[in-house]
Number of protein chains: 2
Amino acid sequence: MARAATTADPFNAIAERRRREILALLGRGERPVNDLVRSTGLAQPQVSKHLRVLRRVGLVRVRRVGRQRVYRLDTSGLRPVREWLDVVLREWQAKRRPRGRAL
Amino acid sequence: MARAATTADPFNAIAERRRREILALLGRGERPVNDLVRSTGLAQPQVSKHLRVLRRVGLVRVRRVGRQRVYRLDTSGLRPVREWLDVVLREWQAKRRPRGRAL
DNA sequence: TTGCCACATTCCCAGATGGGCACATATCAG
DNA sequence: CTGATATGTGCCCATCTGGGAATGTGGCAA
């Protein structure tokens, strides 16, 4: 088997640097594609492709405004990541600091 | 260019399901390879390979005990992920709930 | 030394990119 | 309709990958 598709889940989607960059930008507010193109310095087609991946995994949503497409971050898509991280770190903490037994 | 190496950073490393599984197991405490092999149901070589990737990105550490190698989670390696996630979510919240101005 | 055990490494290969580039589409101004 | 603007898609290709199977290696027991 080869590597999983980038659209397999949020973990694979955010593995790509540029996509994280795009998500970070969208975290500060919605933006049309060309805005992202300028901010990232990437070619427009590349940005569109990254956005497509982010769309497929539910990390962003689009809204059409005239001939533009305004992208918006959908934080719910990051939930699995947050949760996995929390579980791992939480359990680790529980093991590392059993001081005074658990409550 | 192709996809970044799985050993490029923690984001790429945890993109793989099996590796997340291994990290979750290690979150509950150190374990020798064979333990992980049993828990994951993967073949030993595969587990070793995943562990190698996790080692390279600093997500786990090894300790030799006799002929075994005990792996331990190194949470500091997850910091970049935690931080990126926090920044994105925090900024998003700031935009979504500007109630009563910022403090 | 011999043999076994716990792991790591190497080789092979189909599958999935990400960027560059050309091109298709949709919308809006004239 | 025509041209310009804003995006999405298709194609090509070097590169990295995860699993399977075989092999290499260090430590321990007899």
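The rules we used
Residues numbered from 1 in each chain as written. Chains lettered and ligands numbered in written order. Predicted model: local features only at pLDDT ≥ 70, side-chain atom pairs only at ≥ 80, totals over all residues. Heavy atoms only, no water. Near = heavy atom within 4 Å. Polar contact = N/O pair within 3.5 Å; in protein donor to acceptor, adjacent residues only side chain to side chain. Helix = DSSP H or I, 4+ residues; strand = E, 2+ residues; numbered from the N terminus. Nonpolar A, V, L, I, M, F, W, Y, C, P; charged D, E, K, R; others polar. Least-squares fit on C-alpha atoms with pLDDT ≥ 70 in both. Contact = heavy atoms within 4.5 Å. Buried area = accessible area lost by both parts, 1.4 Å probe. Salt bridge = Lys/Arg side-chain N within 4 Å of Asp/Glu carboxyl O. Phe/Tyr/Trp six-rings, centres within 6.5 Å; stacked < 30°, edge-to-face > 60°. Lys NZ or Arg CZ within 6 Å of the ring centre and 35° of its normal.

## Some details on the protein's contact with DNA strand D
For step 1, the next point in the chain: Taken together, the neighbourhood of DNA strand D is formed by 29 residues, with Met 1, Ser 48 and Tyr 71 of chain A together with Thr 6 and Lys 49 of chain B sitting nearest.
For step 2, the next point in the chain: Backbone atoms, meaning sugar and phosphate, make up 62% of the atoms of DNA strand D lying within 4 Å of the protein.
For step 3, the next point in the chain: Here a phosphate oxygen of DNA strand D and a backbone polar atom of Arg 69 of chain A are 3.1 Å apart.
For step 4, the next point in the chain: Mapped onto the surface near DNA strand D, the elements with two or more residues apiece are helix H3 (33–40), helix H4 (44–56) and strand S3 (68–73) of chain A together with helix H2 (17–27) and helix H4 (44–56) of chain B.
For step 5, the next point in the chain: Residue contributions to the surface near DNA strand D peak at 5 residues, all from H4 of chain A.
For step 6, the next point in the chain: Tallied by class, the residues present in the surface near DNA strand D amount to 9 nonpolar, 8 polar and 12 charged.

## Digging into the protein's contact with DNA strand C
For step 1, the next point in the chain: Close to DNA strand C lie 29 residues, the nearest being Lys 49 of chain A together with Met 1, Asn 34, Ser 48 and Tyr 71 of chain B.
For step 2, the next point in the chain: At the protein interface, 63% of the atoms of DNA strand C within 4 Å belong to sugar or phosphate.
For step 3, the next point in the chain: A distance of 3.3 Å separates a phosphate oxygen of DNA strand C from a polar atom in the side chain of Arg 19 of chain A.
For step 4, the next point in the chain: The contact in question runs from a base nitrogen of DNA strand C to an N or O atom on the side chain of Gln 46 of chain A, over 3.3 Å.
For step 5, the next point in the chain: Of all elements in the fold, only helix H2 (17–27) and H4 of chain A together with helix H3 (33–40), H4 and strand S3 (68–73) of chain B reach the threshold of two or more residues within the surface near DNA strand C.
For step 6, the next point in the chain: With 5 residues, H4 of chain B is the largest single contributor of residues to the surface near DNA strand C.
For step 7, the next point in the chain: Class assignment for the residues of the surface near DNA strand C results in 9 nonpolar, 8 polar and 12 charged.

## Regarding the relation of the copies chain A and chain B
For step 1, the next point in the chain: Each copy superposes on the other: chain A lies on chain B with an RMSD of 0.0 Å after a rotation of 180° and an axial shift of 0.0 Å. Seen this way, the second copy is the image of the first under a two-fold rotation axis. Measuring from the rotation axis to each C-alpha of chain A, the shortest distance belongs to Ala 15 of chain A, at 3.1 Å.
For step 2, the next point in the chain: Taken together, the interface assignments show that 100% of the residues at the interface of chain A recur at the interface of chain B, consistent with an identical surface on both copies.

## Description of the interface of chain A and chain B
For step 1, the next point in the chain: Counting from both sides, the interface comprises 31 residues of chain A and, opposite them, 31 residues of chain B.
For step 2, the next point in the chain: Summing both sides of the interface, chain A and chain B together bury roughly 3100 Å²; the carbon and sulfur share of this comes to 62%.
For step 3, the next point in the chain: Sorting the residues of chain A by area buried against chain B places Arg 3, Trp 84 and Trp 92 of chain A first, and these three jointly supply 23% of that buried surface.
For step 4, the next point in the chain: Between the two partners, chain A and chain B, sit 2 salt bridges.
For step 5, the next point in the chain: With its nearest N and O atoms 2.8 Å apart, the salt bridge here joins Asp 86 of chain A to Arg 82 of chain B.

## Quick look at the packing of aromatic side chains
For any two aromatic rings, the description comes down to two numbers: the centre-to-centre distance and the angle of the planes.
For step 1, the next point in the chain: The tally for this structure, following the rule as stated, stands at 2 aromatic pairs over all chains.
For step 2, the next point in the chain: On the numbers, 6.0 Å between centres and 90° between planes, the contact of Phe 11 of chain A with Trp 84 of chain A is edge-to-face. A residue pair is termed long-range when its members are at least 10 positions apart, and Phe 11 of chain A in helix H1 (residues 10–13) and Trp 84 of chain A in helix H5 (residues 79–96) qualify at 73 residues.
For step 3, the next point in the chain: Over the ring of Phe 11 of chain B we find Arg 20 of chain A, and its NZ or CZ is 3.8 Å from the ring centre.

Scope: geometric values only; no functional claims are made or implied.
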